[in-house]
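Residues per chain, in single letters:
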Amino acid sequence: MTTARSQGLVSCHCCGLLQQLQTGKKGQRLHCDRCNSILHSRSPLSLTKSWAFSLAAIVMLIPANLYPIMEVNSLAGSSADTILSGTLYLIRAGQYPIAAVIFIASVAVPLLKLAGMALLLTTTQRRWQLNPRQCTTLYRMVEFIGRWSMLDIFVIAILMALVNLGQIADIIAGPASTAFLCAVILTMLAASSYDPRLLWDLQRDIPTTRETDPSTFTESDSASQAKESL
Amino acid sequence: MTETAATNAPLTACHHCDLLMHRPSLPDGASASCPRCGSTLAKSVSATPQKHLALAMTGLIMLLPAYFLPMLTVEILGRSNSASLVDSVTVTWQNGYPLVALSIALFCLIFPALLLQLLLLLQIKQLPIALQRLMLKSLHVLKEWSMLDIYLLGLLVSIVKIQSMAGLALGSGLLCYVIMMIALFVGLNNFSAEQHWQQLEPSA
C-alpha cells in the first residue's frame, strides 16, 4: 500500500485535490492549485496544538463541575445544582431517561473524549504499536460525539428563556455554564487539530524526522505492507 | 475499491490515513470507504440543482419564523411565558453570560442561516469563480459548527424536564424550526463539494 506522501503527493485538507508537493524554499508556504488553501502533508504542529487544547479543556472542566450550572428560584425555595448534583436530582425524581441523556452528554462524553484524545496523542508520540485502524475509528468517534456535549448548554439557555416568571419561578444559569461551554469547544478544537495520518505513519519503519519534509519518506513500503496483510 | 477499478482513474488520498488510490466511480447513492482505515472517501449524490434550490428556499423561508416565533410556552400558577430561539440568546445575554449567548447565536442561528444561503448561492454558476471558491471553503468550515440537531434534542430534554412542574404548550416556531433543520440536513447530505470543486478547476 502506498501513501500519498511516499509519492511526493499531498491532498488539500480543504478541497481534497491531490497534487505534487513542490519542494519549495524552507519556510515558504505552498498553496493548493484549486482552492488556494495552504498545503501541508501533515497538519503542522498537530500534536502540540491538540495537547494544548486538551489540557485547556481539562482545566476548564474543573470549574465546570465545581460551580453550580443552573439555579432554580421558585415559591418552593431556591436551589443551585452542579452538573453531577443535577443528574442525581433527576435520578431521585425518577426521570431516568433524561438523567441518562444529561449524564452521557455532560459527564461521560467529555471525559471519554479527553481520555480518547490522550490515548491517541500518547500513541502517536510514544510510537505504541496499537492497531491503527481501531485508533482511527476511535478518532472518528471522538470527532463525531464532541459537539453533542453542547446539549446541556442549550438546555440551560432554553429553560432560562422559558422559565422566566419572576417571583413564581425563575431559572438562571450558573457560573459553570461558561466554563463547561469553553471545555466543550476546546475538546472540539483538540479533535479537529489532531491529524490521524500520523497514526499511520507509525506503521513505517523509517523514523519521522520532520513533519513537513516529504523527502524523508521514500518507497520502502514492504514492511508496512507486511503488517497490514496480517 | 476493487482491483478492477480503471487504472487511469484520477488518484485520491484518504484524508484519515493518506492511502493513495484510484478515485472510485460510484453509482448514485453509494459511498466508498477506505480499505485501510475505514473512513468514508466519497459519497455519490444524485441531487439536481432544482432539488438543492427547493431545499435551500424551504429552509430560508422557514428561517425567520423558526427564529422569532415562540417554540414553547409554559404556564405556572396562571402566569405564562413563551420563548423563541432568539429569546434563548437574548435572555442568556441579559443574565450575564455573553459567551454562552454568543455561542448559541453562532451555532444555532448565524451558521445555519449562512449554510442555507451558501447552498442556495452555490447553485448559481454565473457568480465569479473567486466568490464560489470562498463559498465552498466557508461551507467546509461552517458545516462542522452548525448545531441545529443538538438544539432540537435540547428542546426535547427541556420539555421532559419541566413538564412535571409546569403546563407546556408547543408553539408554531418549533414546527418551522424542525422543517428548517430537515431542509438544511438533507441539503448538506446531498451536497457534493467535490463536484463543485471540479467545476471550478482552472483550465479544466
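Just so we're clear, the structure is a prediction, and the values are computed from it rather than from any experiment.

## As for the overall build of chain A
Thought 1: Secondary structure summary: chain A contains eight helices and five strands in total.
Thought 2: Put simply, chain A has 230 residues, and 50% of those count as buried.
Thought 3: Looking at chain A alone, contacts between residues at least 24 apart form 66% of all its contacts between residues at least 6 apart.
Thought 4: Total accessible area computed for chain A in this model is approximately 10,600 Å², and 62% of it derives from carbon and sulfur atoms.

## Here we look at the nonpolar core
Thought 1: Among the nonpolar cores identified, the biggest contains 103 residues, and Met150 of chain A together with Tyr67, Tyr151 and Tyr177 of chain B are the most heavily contacted of them.
Thought 2: A total of 14 residues in this core trace back to one element, the largest contributor, which is helix α3 (residues 98-121) of chain B.
Thought 3: Judged by nonpolar contacts, the second largest core, of 18 residues, contains Tyr139 of chain A together with Cys14, Leu19 and Met21 of chain B.

## Regarding helix α6 (residues 176-193) of chain A
Thought 1: Here α6 of chain A contains 18 residues, and its C-alpha end-to-end distance of 26 Å stays within 8% of the 26 Å for a straight helix at 1.5 Å per residue.
Thought 2: Burial of α6 of chain A is extensive: 13 of the 18 residues sit out of reach of the surface.

## Quick look at the state of the cysteines
Thought 1: One pass over the structure, following the stated rule, counts zero disulfides over all chains.
Thought 2: We note that Cys14 of chain A lacks a disulfide partner, and the nearest cysteine sulfur, in Cys35 of chain A, lies 4.3 Å from it.
Thought 3: The exposure class assigned to Cys14 of chain A is buried, which follows from its relative accessible area of 11%.
Thought 4: Not engaged in a disulfide, the cysteine Cys182 of chain A finds its nearest cysteine sulfur in Cys108 of chain B; these two sulfurs lie 16 Å apart.

## Section: the confidence of the model for chain A
Thought 1: When pLDDT is averaged along chain A, the result is 82, and 86% of the positions lie at 70 or above.
Thought 2: Scored below 50 in pLDDT, residues 205-230 of chain A shows 37 contacts in the model against residues more than four places distant or in partner chains.

## Points about a nonpolar patch on the surface
Residues and elements named next belong to chain A.
Thought 1: On the surface, a nonpolar cluster with roughly 270 Å² of combined accessible area is contributed by Leu84, Phe103 and Ile104.
Thought 2: Relative to the elements of secondary structure, Ile104 occurs in helix α3 (residues 96-126).
Thought 3: Relative accessible area serves as the criterion here: at 47%, Ile104 is assigned to the partly exposed category.

## Concerning unusual backbone geometry
Thought 1: Although it is not a glycine, Asn36 of chain A adopts a positive phi angle of roughly 70 degrees.
Thought 2: Mapping Asn36 of chain A onto the fold places it in the loop between β2 (18-20) and α1 (46-66).
Thought 3: Relative accessible area serves as the criterion here: at 45%, Asn36 of chain A is assigned to the partly exposed category.
Thought 4: Non-glycine residue Leu77 of chain B carries a positive phi angle of around 50 degrees.
Thought 5: Structurally, Leu77 of chain B is set in the loop between β5 (72-76) and β6 (79-83).

## Focus on the packing of aromatic side chains
Thought 1: For the structure on display, the rule yields five aromatic pairs over all chains.
Thought 2: Between Phe154 of chain A and Tyr151 of chain B the ring centres are 5.4 Å apart and the planes differ by 55 degrees, which places this aromatic pair in the tilted class. With one member in each of two chains, Phe154 of chain A in helix α5 (residues 151-162) and Tyr151 of chain B in helix α5 (residues 148-162) form a pair that bridges those chains.
Thought 3: Owing to a relative accessible area of 0%, Phe154 of chain A belongs among the buried residues under this scheme.
Thought 4: Between the aromatic rings of Tyr151 of chain B and Tyr177 of chain B, the centroid separation amounts to 5.8 Å while the plane-to-plane angle is 50 degrees, which identifies the pairing as tilted.

The rules behind these values
Residues numbered from 1 in each chain as written. Chains lettered and ligands numbered in written order. Predicted model: local features only at pLDDT ≥ 70, side-chain atom pairs only at ≥ 80, totals over all residues. Heavy atoms only, no water. Helix = DSSP H or I, 4+ residues; strand = E, 2+ residues; numbered from the N terminus. Buried < 20%, exposed > 50% of the residue type's maximum accessible area, 1.4 Å probe, protein only. Contact = heavy atoms within 4.5 Å. Areas by Shrake-Rupley, 256 points an atom, 1.4 Å probe, with all protein chains shown as cover. Core = buried A, V, L, I, M, F, W, Y, C linked by side-chain atoms within 4.5 Å. Expected span 1.5 Å × (residues − 1). Disulfide = S-S within 2.5 Å. pLDDT = per-residue confidence, 0-100. Patch = residues over 30% accessible without salt bridge, like charges linked within 9 Å, V, L, I, M, F, W, Y side chains within 5 Å. Salt bridge = Lys/Arg side-chain N within 4 Å of Asp/Glu carboxyl O. Phe/Tyr/Trp six-rings, centres within 6.5 Å; stacked < 30°, edge-to-face > 60°.

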